[in-house]
Amino acid sequence: MSDQWILTTITFLPLVGAFGLFFFNKESKKAIAWYATAVAFLGMLVSFPLFWRYNPAGAPFQFENSLSWIPSIGVSYHVGVDGISILLILLTTVLGFLSVLSSWTAITERVKEYYAMMLILQTGMLGVFISLDFFLFYVFWEVMLVPMYFLIGVWGGPRKLYAAIKFFLYTLLGSVLMLLGILALYFYHGNITGNYTFDVVALMEMGRDSSPAWISLARWIFLAFFVGFAIKVPMFPFHTWLPDAHVEAPTAGSVILAGVLLKMGTYGFVRFSLPILPEATRHFLPYLLGLSVIGIIYGAMVAMVQKDWKKLVAYSSVSHLGFCTLGIFALNEVGLNGGILQMINHGISTGALFLIVGLIYERRHTRMISDFGGLSKQLPIYATFFLIMTLSSIGLPALNGFIGEFTILLGAWQIPTGFHINIPLTDKALVFGGQVWSVLAVLGIVLGAAYMLWLYQRTMFGKLDKPENQALKDLNFREILTLAPLVVLAFWIGLFPETFMRMLRPSVSRIVQQMSENAPRTARLQSAAGSTRTDSGDPSMSAKQPSPPEKTHE
């Protein structure tokens, strides 16, 4: 638990616990469940010291440990975290424990293998958040795929093989492209410095390079990274694997998928794309913002027409993650803080919603919304938890969703005007400013409130007229224990967001400062020209009367 080794302990404890399962008889299902829950609980406990031992005013990356691994190609075991990573690690350990706890009655076949996959998956996810070496990061990134593939393919629903293969192929395609981007970055850095390394901190210095050769290559690397991360988020139009994976996965698999795995993509944008490829990020910014807003509205509209309870929650993730990427690509501190906090909020709210769907599915073995109605009369405790997390998901003040969406909209409003998209085969362009992105994003909030409240009304209110629903039992102690921590976190973030913002703010400030310092002078002049074009209304005036660089809004 020393500062040097605490991250390694947190990451590999679940893996060690998974090996311990080999000593259990596969018929001892209750003992296996108790053991796996204890391992996950211990993994959560050992991660908590990160919260109070982390110093926001300290070094950019803390709890660092760097050991030479494959020196011939510049690979090291380099781990460390900042405030962003720590919150995601805590989210992972909390949801990992609650997912294991929720599986006691949901999983009855191949129990030992199931819990082994859950614990191995936990190590893969944690490894992604602590890695400061691209090679190590990629190893953990790929390790995650295998256990999730088996969780969906073995313990999933009727179309589990289709969903598992689709998930694996989509993610593998993104991973291969991301690997090509990593290799291009590795060789370019080695050629110009003589130091061939996968160290993330060293490669972040590439953002300062403003040479034409690097700018051209950086845009291709950005596209490679973008596909890998956008598939994982998933951003529109790379989202089609998500509904199938969510619907067919077991409850715990859906919780981990929505709560943690989707955050790998947004984390990749924040950790790698923004600081290493700032010019390329600005170059593609209109398209990134456009895809984010499309995802917000499209996900909400498709969710509204779903007849399957679980699929509705799955499509809501597409919409909510669109808010996260909108905040990230606002490229200012307010938006970035909101986008990252909303990543945590989504993990809490949507993770709880998937647990809630799973609890009712265990009792009724159906997820069709039309099969329910009036459940609040029979399941008052269940209905209370469902109401709280519904309000959290739609962003009610005093709950976690509100502060995340509010800061994202503030950040989006501050996006500089002058971003334009040329219309093919014409000499005209569509100009978008921060106000436009914010107004469009608000539509997603309105639609989100509509589909979530309509879902609650159809399932919890009305007549309890179906005989199958009249004999349902309310939540037991274990099930209440599974949901209660998420309710506490929802109110904690909603009422006292500064507890978490103080950890994010220094890390986010450094990223924004890096992007500002690393912006080539040509990019600043282009930004100034774009502002002049918008103000004058005459594209021809932009070259004659550029705004002074010192007045541009970075």
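The present account deals with the structure reproduced in this document.

### Re the overall build of the chain
In terms of regular secondary structure, the chain is built from 24 helices and four strands. A compact globule built from 554 residues would reach a C-alpha radius of gyration of about 24 Å, and the chain, at 24 Å, matches this within 12%. Dimensions of the chain along its principal axes, counting C-alpha atoms only, are 75 × 55 × 40 Å. Counting over 554 residues, the chain shows a buried share of 60%. Long-range contacts, defined here as pairs at least 24 residues apart, represent 79% of the contacts in the chain between residues at least 6 apart.

### Remarks on the pairing of strand E2 (residues 75-81)
The buried fraction of E2 amounts to seven of the seven residues, a majority that puts the element mostly inside the structure. Sheet analysis places strand E1 (residues 62-70) next to E2, joined by six bridges and oriented antiparallel. Residue pairing in the sheet places Asn65 in a bridge with Val79 of E2. Taken together, E1 and the strand that follows it, E2, pair antiparallel across an intervening segment of four residues, in which Gly74 is found at a positive phi of about 80°.

### Side note on the environment of Leu399
The topology assignment puts Leu399 in the loop between helix H18 (380-394) and helix H19 (400-413). Here the alpha-carbon distance between Leu399 and Phe167, two residues 232 residues apart in the chain, equals 32 Å. Those residues in contact with Leu399 that sit more than four places away from it in its chain are Ile388, Leu391, Ser392, Ala490, Phe491 and Gly494.

### Description of the side chain of Asp199
Counting through the fold element by element, Asp199 comes out in the loop between helix H7 (160-193) and helix H8 (200-203). Buried and unpaired, Asp199 has Arg271 as its nearest opposite-charge partner, separated by 11 Å. From its side chain, Asp199 meets the backbone nitrogen of Val201 in a polar contact 3.1 Å long. A polar atom in the side chain of Asp199 sits 3.0 Å from the backbone nitrogen of Ala202. Not counting residues up to four positions away in its chain, the partners in contact with Asp199 are Ser76, His78, Leu132 and Asp133.

### What about the side chain of Thr8?
For Thr8, the position within the fold is in helix H1 (residues 6-20). A distance of 2.7 Å separates polar atoms of two side chains, one belonging to Thr8 and the other to Tyr77. Apart from residues lying up to four places away in sequence, Thr8 is in contact with Asn65 and Tyr77.

### Side note on the packing of aromatic side chains
With the rule as written, the count across this model stands at 42 aromatic pairs. Ring centres of Tyr186 and Tyr196 lie 5.7 Å apart, and the angle between their planes is 55°; this geometry places the pair in the tilted category. Of this pair, Tyr186 sits in helix H7 while Tyr196 sits in the loop between H7 and H8, and the two are 10 residues apart along the sequence. Taking the relative accessible area as the measure of exposure, Tyr196 reaches 34% and is therefore partly exposed. Relative to Phe329, the ring of Phe269 has its centre 5.1 Å away and its plane inclined at 70°; by these criteria the two rings are edge-to-face. Of this pair, Phe269 sits in helix H12 (residues 263-276) while Phe329 sits in the loop between helix H15 (309-328) and helix H16 (333-364), and the two are 60 residues apart along the sequence. According to the relative accessible area criterion, Phe269 is buried, its value standing at 0%. Ring pairs connect the aromatic residues Phe134, Phe137, Trp141, Phe222, Phe225, Phe226, Phe229, Phe238, Phe269, Phe272, Phe284 and Phe329, which therefore count as one cluster. A cation over an aromatic ring shows up here: Lys232 above the ring of Trp141, its NZ or CZ 5.0 Å from the ring centre.

### Some words on the nonpolar core
In terms of nonpolar packing, the biggest core is built from 186 residues, with Phe134 and Trp309 touching the most fellow members. Considering each element in turn, this core owes the most residues, 14 residues, to H16. Once residues within four sequence positions are removed from consideration, Trp309 is found in contact with Val357, Ile360, Arg367, Ile369, Phe372, Tyr382, Phe386, Leu455, Thr459 and Met460.

### Notes on the packing of helix H10 (residues 241-248) against H15
One way to put it is that H10 packs onto H15 with a least axis distance of 9 Å and a crossing angle of 140°. The orientation of H10 relative to H15 falls into the category oblique. For the pair H10 and H15, the crossing hand works out as right-handed. Residues Leu242, Pro243, His246 and Val247 of H10 form the contact with H15, whose participating residues are Lys310, Lys311, Ala314, Tyr315, Ser317 and Val318. By residue class, the composition of the contact of H10 with H15 is six nonpolar, two polar and two charged.

### Re H12
Since the α-helix packs 3.6 residues into each turn, any two residues three or four apart lie on the same face. Taking 1.5 Å as the rise per residue, H12 with 14 residues should run 20 Å; its terminal C-alpha atoms sit 19 Å apart, in good agreement. Among the 14 residues of H12, 14 are classified as buried, and the element is accordingly described as predominantly covered.

Cut-offs and rules
- Along every chain, residues carry numbers that run from 1 in the direction the sequence is written.
- Where totals are concerned, whole chains, interfaces and linings use all residues; where local detail is concerned, this predicted model gives features only for residues with pLDDT of at least 70, and gives and counts side-chain atom pairs only at 80 or more.
- The basis for every side-chain value is the complete set of heavy atoms in the structure, and neither hydrogens nor water enter the calculation.
- Helix and strand definitions follow DSSP, with helices as H or I runs of at least four residues and strands as E runs of at least two, each counted in order from the N terminus.
- Radius of gyration: C-alpha atoms only; globule rule: 2.2 Å multiplied by the number of residues to the exponent 0.38.
- For the exposure calls, accessible area comes from a 1.4 Å probe over protein chains only, and a residue counts as buried if that area is under 20% of its type's maximum, exposed if over 50%, partly exposed in between.
- Throughout, a residue-residue contact means that at least one pair of heavy atoms, one from each residue, lies within 4.5 Å.
- Think of it this way: DSSP has to see at least two bridges between two strands before they count as a pair.
- The charge count includes Lys and Arg as positive and Asp and Glu as negative, but it does not include His or the ends of the chains.
- Only one rule defines a salt bridge in this text: a Lys or Arg side-chain nitrogen within 4 Å of an Asp or Glu carboxyl oxygen.
- Two N or O atoms form a polar contact when they lie within 3.5 Å of each other; inside protein one atom must be a possible hydrogen donor and the other a possible acceptor, and for residues adjacent in sequence the pair counts only when both atoms belong to side chains.
- Ring geometry is summarised as follows: Phe, Tyr and Trp rings, the Trp one being its six-membered ring, pair when their centres sit within 6.5 Å, and such pairs are stacked at plane angles under 30 degrees, edge-to-face over 60 and tilted between the two.
- Comment: the charge-over-ring label is applied if NZ (Lys) or CZ (Arg) is within 6 Å of the ring centre and within 35 degrees of the ring normal.
- Within this scheme, the nonpolar core is defined by two criteria: the residues are buried Ala, Val, Leu, Ile, Met, Phe, Trp, Tyr or Cys, and they are joined through side-chain atoms within 4.5 Å.
- Angles run from 0 to 180 degrees between N-to-C directions of axes, and those axes are lines fitted to C-alpha atoms, restricted for helices to the stretch in contact.
- Throughout, the term roughly parallel applies to angles under 35 degrees, roughly antiparallel to angles over 145, roughly perpendicular to angles from 65 to 115, and oblique to all others.
- Should the near helix be turned anticlockwise from the far one by less than a right angle, the crossing is termed left-handed; should it be turned clockwise, right-handed.
- Throughout, the ten residues Ala, Val, Leu, Ile, Met, Phe, Trp, Tyr, Cys and Pro are labelled nonpolar, Asp, Glu, Lys and Arg are labelled charged, and all others, Gly among them, are labelled polar.
- Between the first and last residue of a helix there are one fewer steps than residues, each counted as 1.5 Å, and that sum is the expected span.

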